[in-house]
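Below are the chains, spelled out letter by letter.
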Amino acid sequence: MSNLPISAELIAEANARELDALEDDYASLGRKLERAGIGIDAVKDRVAGFSVAIPTWGAGRGGTRFAKFPIAGEPTNIHEKLEDCAVINQLSCLTPRVSPHFPWDKVSDYKALREEAASLGLGFDAVNSNTFQDQPGQAQTYATGSLSSTVAATRQQAVEHNIECIEIGRQLGSTDLTVWVGDGTNFPGQQDLARSLDRYLEAAAQVYAALPGDWRMLLEHKMFEPAFYSTVISDWGSSILAAQELGPKAKCLVDLGHHAPNVNIEQIVARLHRFGKLGGFHFNDSKYGDDDLDSGSINPHQLFLVFNELVEAELNPRDGFNPSYMIDQSHNVTDPIESMISSAEAIGQCFAKALLVDREALHLAQEANDTMMAYQALRRAYNVDVSPILAKARLEAGGAIDALGVYRESRWRDRKAQERKAVGLGAGIV
Ligand SMILES: [Mn+2]
């Protein structure tokens, strides 16, 4: 692990400055939790075992569909992205896997890429296909859609691309293929709503048939954008129906920003789990639509309620429970490394708070129709400041008590600005 990007001495020095305060806060929180019959070390150990993947595209400034504003020192290729992801994981100790995207992250030697990642303390998570934009030299355009296109050769091209992603993923050690298609329409009557789904299912079945035995196909739904009248896999209903049609290796992936406003996402989580189809998560936050804002920045309570359902699901596994967790954000006004560190912390905090819920009290209150006490069982956990638990877990894993502070102190971005070539301008929503 000598290849880790941030100096171990820098982290150790910073931790030494913070240690007394952390021990004090951790002991105090430990006494508070003890009064509620909770052992703080057990919670800390659970947090230490928790992780969330980072998308390679999240290491850069994604921007919006209108513009992006690159920063000096931003990564321009998969190797530099891995380096930045290693910084995030080294300091936060919550993000040991990266999720690559093709063709954006294409290289000639994937065995070497896997070794390169391993030397940075990273592994690979789900591989993501891209059939929502055309690439240079591509035979067919995706202007008519991809897996659901009316053009048979386009559907075939999209199928082959997904199968190529599986092949790359095998070399990288992935076991999940995430499929999101931008397919849909902007005008009533533009496409037949039933037949477009038929075409999608038929093409998706060809991808499904190419999955290795231990792989999963994660279907990501999205209500709108880029299509604004109809989307082929628009909601969790379409997603679970498609997953059920495809077979047991097909699961649903929930992106927190891909729903209508005010939708009860935690209930969707419970529904998908009930039918054994909860396959994964893309964490971000949203004020209006697919805003891809930082996790927990707008509605941390919703994030907590989602984790409350995930912890419930874990305690009651139906047909297995092994969701793939990933951050999916687009940064336009922050340093992406800082946003990822902050988001991983927010996600880990909600997981820790969900672990603190007195489930016996909650279930008893639910059975007794004691609404206020059921609500208070959640509230008591949500109100706990769990940051000392996360900091202690980071410290013990070799990370930084103050991850953001050490990142700034390392002057990583300034140093990379001297070494890396500048990123081009342009729009960049993903
Ligand atoms: Mn997503």
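All of these numbers come straight from a predicted model, not from anything done at the bench.

Caption draft 1: Layout of the sheet that holds strand β2 (residues 97-99). Spatially, the three strands line up as an open sheet ordered β1-β2-β4, and their pairing is parallel. Whereas interior strands pair on both sides, the edge strands pair on one side only; in this sheet they are β1 (54-55) and β4 (123-124). Relative to β2, β1 runs parallel, the two sharing two bridges. Its bridge partner lying in β2, Ile54 is registered against Val98.

Caption draft 2: Seen up close, the pairing of strand β12 (residues 324-327). Note that strand β11 (residues 278-283) and β12 share four bridges and pair parallel. Bridge pairing links His282 to Met326 in β12.

Caption draft 3: Spotlight on the packing of helix α3 (residues 78-92) against helix α10 (residues 336-356). At a minimum axis distance of 10 Å, the contact between α3 and α10 shows a crossing angle of 40 degrees. The angle between α3 and α10 places the two elements in the oblique class. As α3 runs across α10, the sense of the crossing is right-handed. Counting all contacts with α3, which are made through Asp84, Val87, Ile88, Leu91 and Ser92, the residues of α10 involved are Ile337, Met340, Ile341, Ala344 and Glu345. Of the residues contributing to the contact of α3 with α10, the split by class is seven nonpolar, one polar and two charged.

Caption draft 4: Just the sheet that holds β11, in detail. Read across the sheet, seven strands follow the order β3-β5-β6-β8-β10-β11-β12 without closing on themselves; strand pairing throughout is parallel. The sheet terminates laterally at β3 (101-102) and β12, the two strands that pair on one side only. Taken together, the four bridges between strand β10 (residues 250-255) and β11 define a ladder with parallel strand orientation. Bridge pairing in β11 places Cys252 opposite Leu278. Its contacts with the sheet place helix α8 (residues 265-274) against β10 and β11, and it is angled at close to 170 degrees to β10.

Caption draft 5: Fine view of the pairing of strand β8 (residues 216-220). Counting buried positions along β8 gives five out of five residues, so the element sits mostly inside the fold. Residues Arg216, Leu218 and Glu220 of β8 are buried on one face, and the alternating residues Met217 and Leu219, pointing to the opposite face, are buried as well. Two elements, strand β6 (residues 176-179) and β8, share four bridges in a ladder whose sense is parallel. Bridge pairing links Leu177 to Met217 in β8. When β8 meets β10, the two strands line up parallel, connected through four bridges. Its bridge partner lying in β10, Leu218 is registered against Lys251.

Caption draft 6: Molecular detail of the nonpolar core. In terms of nonpolar packing, the biggest core is built from 99 residues, with Met217, Leu219, Cys252, Phe307, Ala352 and Ala354 touching the most fellow members. With twelve residues, α10 is the single largest residue contributor to this core. Phe307 has contacts with Cys350, Phe351 and Ala354, leaving out every residue within four places of it along the chain.

Caption draft 7: Representation of helix α12 (residues 371-382) within the structure. The terminal C-alpha atoms of α12 lie 17 Å apart, and with twelve residues this matches the ideal 16 Å at 1.5 Å per residue to within 8%. Taken together, the buried positions of α12 are Ala377, Leu378 and Ala381. End-on view of α12: buried residues confined to an arc of 85 degrees, all on one side of the axis. Turned more than 90 degrees from where α12 packs its buried face, Thr371, Met372, Tyr375 and Arg379 sit exposed. In this structure, the buried side of α12 is in contact with α9 (300-315), α10 and α11 (359-367).

Reading the values: the criteria
- Residues numbered from 1 in each chain as written.
- Predicted model: local features only at pLDDT ≥ 70, side-chain atom pairs only at ≥ 80, totals over all residues.
- Pairing = 2+ DSSP bridges.
- Helix = DSSP H or I, 4+ residues; strand = E, 2+ residues; numbered from the N terminus.
- Axes fitted to C-alpha atoms, helices over the stretch in contact; angles between N-to-C directions.
- Parallel < 35°, antiparallel > 145°, perpendicular 65-115°, else oblique.
- Left-handed = near helix turned anticlockwise from the far one by under 90°.
- Contact = placed C-beta atoms within 7 Å.
- Nonpolar A, V, L, I, M, F, W, Y, C, P; charged D, E, K, R; others polar.
- Buried ≥ 20, exposed ≤ 12 C-beta atoms within 10 Å, placed from the backbone.
- Core = buried A, V, L, I, M, F, W, Y, C linked by C-beta atoms within 7 Å.
- Expected span 1.5 Å × (residues − 1).
- Arc of directions from axis to C-beta.

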